[in-house]
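# Fold and geometry: a report
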Amino acid sequence: MIDADLMRSLAIDLSGLDPAPPWTPRGSAGIQRLHGRYPCVRCGRPSTVAGVVETPEHGRRWVDRCVPCLVASTPRGAPQAPLAVLREAARTAGVALPTSGGV
């Protein structure tokens, strides 16, 4: 399942995406979807990956992407720690932090 916040950050209008089927048959429906060669939601080239995003406002929607756009729009790594957590970790480790312009 694709993160709805990611779609919003990419300025993709979820209401313009095709409705996706219910959860259960999604696997075979995704394969069938790829045979339709829908355009990528980011660049318009033929898609090679079909995913689903679900929101309360729009329900389940297809998100068709080409591989380059899939790679470019897939979050990587762990979430960033809040600044206060980083400061506390530095203090615990005995690391002096700059007082202005830094962490």
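To be clear, the structure that these remarks concern was listed above.
Scope of this entry: the structure provided in the associated data block. The shown structure was predicted, so the numbers you read here are calculated from the model rather than taken from an experiment.

Each value, and the rule that gives it
- Residues numbered from 1 in each chain as written.
- Predicted model: local features only at pLDDT ≥ 70, side-chain atom pairs only at ≥ 80, totals over all residues.
- Heavy atoms only, no water.
- Helix = DSSP H or I, 4+ residues; strand = E, 2+ residues; numbered from the N terminus.
- Buried < 20%, exposed > 50% of the residue type's maximum accessible area, 1.4 Å probe, protein only.
- Areas by Shrake-Rupley, 256 points an atom, 1.4 Å probe, with all protein chains shown as cover.
- Pairing = 2+ DSSP bridges.
- Phe/Tyr/Trp six-rings, centres within 6.5 Å; stacked < 30°, edge-to-face > 60°.
- Lys NZ or Arg CZ within 6 Å of the ring centre and 35° of its normal.
- Contact = heavy atoms within 4.5 Å.
- Salt bridge = Lys/Arg side-chain N within 4 Å of Asp/Glu carboxyl O.
- Core = buried A, V, L, I, M, F, W, Y, C linked by side-chain atoms within 4.5 Å.
- Polar contact = N/O pair within 3.5 Å; in protein donor to acceptor, adjacent residues only side chain to side chain.
- Disulfide = S-S within 2.5 Å.

### Quick look at the overall build of the protein
- What the protein contains, in helices and strands, is four helices and two strands.
- Moving toward the C terminus, one meets the helices and strands of the protein in the order α-α-β-β-α-α.
- For the protein, the residues scored as buried account for 26% of the 103 residues in total.
- In the form shown here, the protein has an accessible surface area of approximately 6900 Å², with 59% of it arising from carbon and sulfur atoms.

### Here we look at the pairing of strand 1 (residues 49-55)
- Here seven bridges tie strand 1 to strand 2 (residues 59-65), and the two strands are oriented antiparallel to one another. Pairing of Glu54 across the sheet is with Arg60, part of strand 2.
- Following strand 1, the chain reverses through three residues before pairing antiparallel with strand 2.

### A word on the packing of aromatic side chains
- Within the structure shown, the criterion is met by zero aromatic pairs.
- Stacked on the ring of Tyr38, the Lys or Arg Arg33 has its end atom at 3.6 Å from the ring centre.

### Structural notes on the side chain of Arg33
- Here Arg33 shows up in helix 2 (residues 26-35).
- Residue contacts for Arg33: discarding those within four places in its chain leaves Asp18, Tyr38, Ala50, Trp62 and Asp64.

### Looking at the pattern of salt bridges
- The final tally for this structure, using the stated rule, is four salt bridges.
- Put simply, Arg8 and Asp5 hold a salt bridge, and the shortest N to O gap is 3.0 Å. One end of the pair, Arg8, and the other, Asp5, are both in helix 1 (residues 4-9), three residues apart, so they sit about a helical turn from each other.
- Arg8 gets classed as partly exposed once you look at its relative accessible area, which sits at 46%.
- Looking at Asp5, the relative accessible area reads 48%, which means it is partly exposed.
- In this structure, a network of salt bridges that share partners links the residues Asp18, Arg33 and Asp64.

### With respect to the nonpolar core
- Grouped together as the largest cluster of nonpolar side chains are nine residues: Ile2, Ala4, Leu6, Met7, Ile12, Leu14, Leu17, Val53 and Val63.
- Here this core gets three residues from one element, more than from any other, and that element is helix 1.
- Excluding residues that lie within four positions of it along the chain, Leu6 makes contacts with Arg65, Ser73 and Pro75.

### Digging into the environment of Arg8
- Not counting residues up to four positions away in its chain, the partners in contact with Arg8 are Leu14, Thr55 and Glu57.
- Within the structure, Arg8 has its side chain in polar contact with the side chain of Asp5 (distance 3.0 Å).

### A word on the state of the cysteines
- Applying the stated criterion to the full structure yields zero disulfides.
- Of the cysteine sulfurs around Cys40, a residue in no disulfide, the closest is that of Cys69, at 3.7 Å.
- Cys69 takes part in no disulfide bond, and the closest cysteine sulfur, belonging to Cys66, lies 3.6 Å away.
- With relative accessibility at 6%, the residue Cys69 sits in the buried group.

Any link to function would need more than the numbers given here.
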